[in-house]
Amino acid sequence: MNPPSTAHVASDQSVDALIKTIRIPPRPSMLLDLQTELSRKEPDPVRLAAIISNDVSLSASLLKVTNSSFFGLRLKATSVAHAVKLLGIQQCGLLMTGIIARQAVQTEKIPLAKFWDFSSKRAQAMAHLASRMRICSADIAHTFGLFCDIGIPLLLERFPDYQETLVLANQEAEEKFTTIEQQRHSTSHTSIGALMARTWGLPEEVSNGILLHHDYAVLADSATDERVRALVALALVAEYGIHRYHGQEHWTEWDKGGQLARDFLGLANDEVEDRFEELHDLFSSVH
């Protein structure tokens, strides 16, 4: 085997040095405590409520979301313990993971309201599709939907021209989204997002799915973990459903990977349209 060239080694070192300049938020201690409790054989709702109650801001956010139109609960939560009881342990865990992520991942100059709105819709849509199609865990699908593009705000914070990169990548009809990022920044939101997912202790299929979610060729690659392929396919359907909901019929990423996603999921065109209608109804019911 030939030794790597000096230029190649230098290039790898420069990329490593670049990645070290990108701020990846450490896993919040609150998230670690939540994950530890949820991973127990029998998670305790009392202990879960106690963990959440240690943070006044997170407690207030949980109560606000629990009592919002999204859940449409007949009863209103009056305390964190009451919210946990009304939502259930797993749903509460998913909700708290999203709230913690919003607080931990912020940019100084660019508002992220649209980013989080899209991420929340994708998480809801993927959980719905996973339950409907029984192709993977709805909880894992929700987590993936929430964190799928988490590398984007981190790169927005690092590179002043990354917003321009997003525009170019979204318009690109042939090259992979991540190819445009690599050409301009020597890294991609998928690489950075996967690194953060691993740092935060998210499931392996989630971090691998984040890394590969613009590499649609994996959908036809039986060597790739089927759970990862399921997440990539569901994300494509979910995202196109969101674009359609907002009146955008044409989306370049669907042109690149839509047929592969349909084939992997075993969906005929009319069945895909049925899924889009379901997602439209889902979004309309909570907004």
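Here the structure is shown first, and the text comes after it.
As the structure is a prediction and not an experimental result, all values here were calculated from the model. (Residues numbered from 1 in each chain as written. Predicted model: local features only at pLDDT ≥ 70, side-chain atom pairs only at ≥ 80, totals over all residues. Heavy atoms only, no water.)

**Overview of the pattern of salt bridges**
(1) Moving on: Tallying each qualifying case throughout the model produces 16 salt bridges.
(2) Moving on: Measuring nitrogen to oxygen at the nearest pair gives 2.9 Å for the salt bridge that ties R122 to E239. With a gap of 117 residues between them, R122 in helix α7 (residues 113-133) and E239 in helix α14 (residues 226-245) connect regions that are remote in the sequence. Summarising the burial analysis for this pair, R122 and E239 share the class buried. (Salt bridge = Lys/Arg side-chain N within 4 Å of Asp/Glu carboxyl O. Helix = DSSP H or I, 4+ residues; strand = E, 2+ residues; numbered from the N terminus. Buried < 20%, exposed > 50% of the residue type's maximum accessible area, 1.4 Å probe, protein only.)

**A look at the packing of aromatic side chains**
(1) Moving on: Under the defined criterion, the tally for this structure stands at seven aromatic pairs.
(2) Moving on: Here Y240 and W254 contribute two aromatic rings whose centre-to-centre distance is 4.8 Å and whose plane-to-plane angle is 20 degrees, an arrangement assigned as stacked. Placement of the pair is Y240 in helix α14 and W254 in helix α15 (residues 252-265), with a sequence separation of 14 residues.
(3) Moving on: Of the residues examined, W254 reaches a relative accessible area of 10% and is grouped as buried.
(4) Moving on: Aromatic side chains Y240 and F276 sit 5.2 Å apart centroid to centroid with 85 degrees between the ring planes, which places their arrangement in the edge-to-face category. Of the two residues, Y240 sits in helix α14 while F276 sits in helix α16 (residues 269-286), which places them 36 residues apart along the sequence. Each member of the pair Y240 and F276 is classed as buried.
(5) Moving on: In textbook terms, an aromatic cluster arises when at least three aromatic residues are bridged by ring pairs, as seen for Y240, W251, W254 and F276. (Phe/Tyr/Trp six-rings, centres within 6.5 Å; stacked < 30°, edge-to-face > 60°.)

**Observations concerning a negative patch on the surface**
(1) Moving on: A cluster of like negative charges, contributed by D270, E271, D274, E277 and D281, occupies part of the molecular surface.
(2) Moving on: Locating E277 in the fold gives a position in helix α16. (Patch = residues over 30% accessible without salt bridge, like charges linked within 9 Å, V, L, I, M, F, W, Y side chains within 5 Å. Areas by Shrake-Rupley, 256 points an atom, 1.4 Å probe, with all protein chains shown as cover. Lys, Arg positive; Asp, Glu negative; His and termini not counted. Charge placed at Lys NZ, Arg CZ, Asp CG, Glu CD.)

**Quick notes on the side chain of E37**
(1) Moving on: Within the secondary structure layout, E37 lies in helix α2 (residues 29-38).
(2) Moving on: Judged by its relative accessible area of 3%, E37 is buried.
(3) Moving on: If sequence neighbours within four positions are ignored, E37 has contacts with P43, D44, R47, L48 and I51. (Contact = heavy atoms within 4.5 Å.)

**Notes on unusual backbone geometry**
(1) Moving on: Residue R134 is not a glycine yet carries a positive backbone phi of 55 degrees.
(2) Moving on: With relative accessibility at 77%, the residue R134 sits in the exposed group.
(3) Moving on: Not every positive phi belongs to a glycine, and S186 is a case in point at roughly 60 degrees.
(4) Moving on: Its location among the elements puts S186 in the loop between α11 (177-185) and α12 (189-199).
(5) Moving on: The exposure class of S186 is partly exposed, given its relative accessible area of 36%.

**Looking at helix α8 (residues 138-147)**
(1) Moving on: In terms of residue burial, α8 counts as a mostly covered element, since eight of its ten residues are buried.
(2) Moving on: Among the residues of α8, those classed as buried are I140, A141, H142, T143, F144, G145, L146 and F147.
(3) Moving on: Packed against the buried residues of α8 are α6 (89-104), α7, α12, α13 (204-212) and α14.

**Quick look at the environment of S191**
(1) Moving on: Secondary-structure assignment places S191 in helix α12.
(2) Moving on: A residue is classified by how much of its surface remains accessible, and S191, at 27% relative accessible area, is partly exposed.
(3) Moving on: A C-alpha to C-alpha distance of 9.3 Å links S191 and S207, two positions 16 residues apart in sequence.
(4) Moving on: Residues contacting S191, with those up to four places away along its chain left out, are Q182 and L211.
(5) Moving on: Looking at S191, its side chain comes within polar contact range of the side chain of S188, at 3.2 Å. (Polar contact = N/O pair within 3.5 Å; in protein donor to acceptor, adjacent residues only side chain to side chain.)

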